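# Coordinate inspection notes
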Amino acid sequence: MNTAYISLGSNMGDRAGYLEKAINILSSHGKIEVTKRSSLYETDPVGFTEQDQFLNMVIEIRTSLSPETLLHQCLQVEIDLGREREFKWGPRIIDLDILLFNHETIEAENLLIPHPRMQERAFVLIPLLEVAPSIEHPSFNAPLAEFLDEIPDKEGVRLWKQINGEDAYVHSES
Ligand SMILES: Nc1ncnc2c1ncn2[C@@H]1O[C@H](COP(=O)(O)OP(=O)(O)OP(=O)(O)O)[C@@H](O)[C@H]1O
Ligand SMILES: Nc1nc2c(c(=O)[nH]1)N=C(CO)CN2
């Protein structure tokens, strides 16, 4: 059985509803079990900044699927929910990125794992560290918490809805 981490984001329409639907569609696939889910974070857009704020979260899954089939399932969720790709880093009703797959590194034409930009993104690292506080980056062999320490724009990521109760990792703005 494989363990993987997936980042979900939405910045159009019923953002929380799209995240929930995406998780439901993934779970309805008999070979994907969602084992942990982070709180929801409202995040300032990174990259193309002239767009609405995102809701972001991370889930941990267990699956017997290969990384390629898991990617296919993630892309299928995006299609099922009606995502239209306007332009790279632009607004989207749903986006699913595979962050980590076991401790593997994969460099295929259509699939890069670990996700190449994950260690630069507070909107990824804060929810990821909530569900997996001591997880390491497979290529750098360093705890991902160390990368978060280096990111200057953490105030752009705010807790929106706590899912895991008092134990949730909460980035404090004060
Ligand atoms: N780890 C990964 N998870 C999801 N998609 C990946 C991954 N590695 C490569 N891809 C490829 O990226 C494509 C999706 O790119 P997309 O246009 O959604 O990028 P983006 O989400 O806008 O930007 P970013 O990749 O910076 O998050 C997919 O079709 C897929 O083939
Ligand atoms: N805050 C935030 N910014 C982004 C996001 C995202 O999910 N959240 N996704 C992007 C492309 O994947 C680009 N920029």
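Everything below is about the structure shown above.
Only a predicted model underlies this, so the values are computations on that prediction, with no experimental measurement involved.

Rules used throughout
- Residues numbered from 1 in each chain as written.
- Chains lettered and ligands numbered in written order.
- Predicted model: local features only at pLDDT ≥ 70, side-chain atom pairs only at ≥ 80, totals over all residues.
- Heavy atoms only, no water.
- Phe/Tyr/Trp six-rings, centres within 6.5 Å; stacked < 30°, edge-to-face > 60°.
- Near = heavy atom within 4 Å.
- Areas by Shrake-Rupley, 256 points an atom, 1.4 Å probe, with all protein chains shown as cover.
- 1 Å grid on protein atoms, 1.4 Å probe; cavity = no way out; pocket = protein on both sides within 12 Å on 5 of 7 lines; lining within 4 Å.
- Sits in = over half its atoms within 2 Å of the grid points.
- Helix = DSSP H or I, 4+ residues; strand = E, 2+ residues; numbered from the N terminus.
- Patch = residues over 30% accessible without salt bridge, like charges linked within 9 Å, V, L, I, M, F, W, Y side chains within 5 Å.
- Salt bridge = Lys/Arg side-chain N within 4 Å of Asp/Glu carboxyl O.
- Polar contact = N/O pair within 3.5 Å; in protein donor to acceptor, adjacent residues only side chain to side chain.
- Nonpolar A, V, L, I, M, F, W, Y, C, P; charged D, E, K, R; others polar.

Before going further, it helps to spend a moment on the packing of aromatic side chains. Per the counting criterion, the structure on display carries 1 aromatic pair. Look at Phe 140 and Phe 147: their rings are 5.4 Å apart centre to centre, the planes differ by 40°, and that puts the pair in the tilted class.

With that settled, consider the site of ligand 1. Taken together, 18 residues surround ligand 1, and among them Trp 89, Ile 98, Asn 110, Arg 117 and Arg 121 come closest. A total of 640 Å² of accessible area belongs to ligand 1 in isolation, and the protein chains cover 83% of it. In a pocket analysis with a 2 Å cut-off to the grid points, ligand 1 is assigned to the largest pocket. Elements supplying a minimum of two residues to the shell around ligand 1: helix H2 (67-80), strand E5 (95-101) and strand E7 (111-113). Top element by residues in the shell around ligand 1 is E5. It accounts for 4 residues.

Taken together, Phe 48, Phe 87 and Trp 89 make up a surface patch of nonpolar side chains, about 280 Å² in accessible area. Within the secondary structure, Phe 87 is located in the loop between H2 and E5.

What follows deals with the site of ligand 2. If you check the shell around ligand 2, you find Thr 43, Asp 44, Pro 45, Val 46, Phe 54, Asn 56, Trp 89, Arg 92, Asp 95 and Phe 123 and nothing else. With respect to ligand 2, the side chain of Thr 43 contributes an N or O atom lying 2.7 Å from a nitrogen atom. Within the backbone of Asp 44, one N or O atom sits 2.8 Å away from a nitrogen atom of ligand 2. The fraction of the free accessible surface of ligand 2 (330 Å²) that becomes covered by protein chains is 96%. The pocket occupied by ligand 2, as judged from atoms lying within 2 Å of grid points, is the largest pocket. Class assignment of the residues belonging to the shell around ligand 2 gives a composition of 5 nonpolar, 2 polar and 3 charged.

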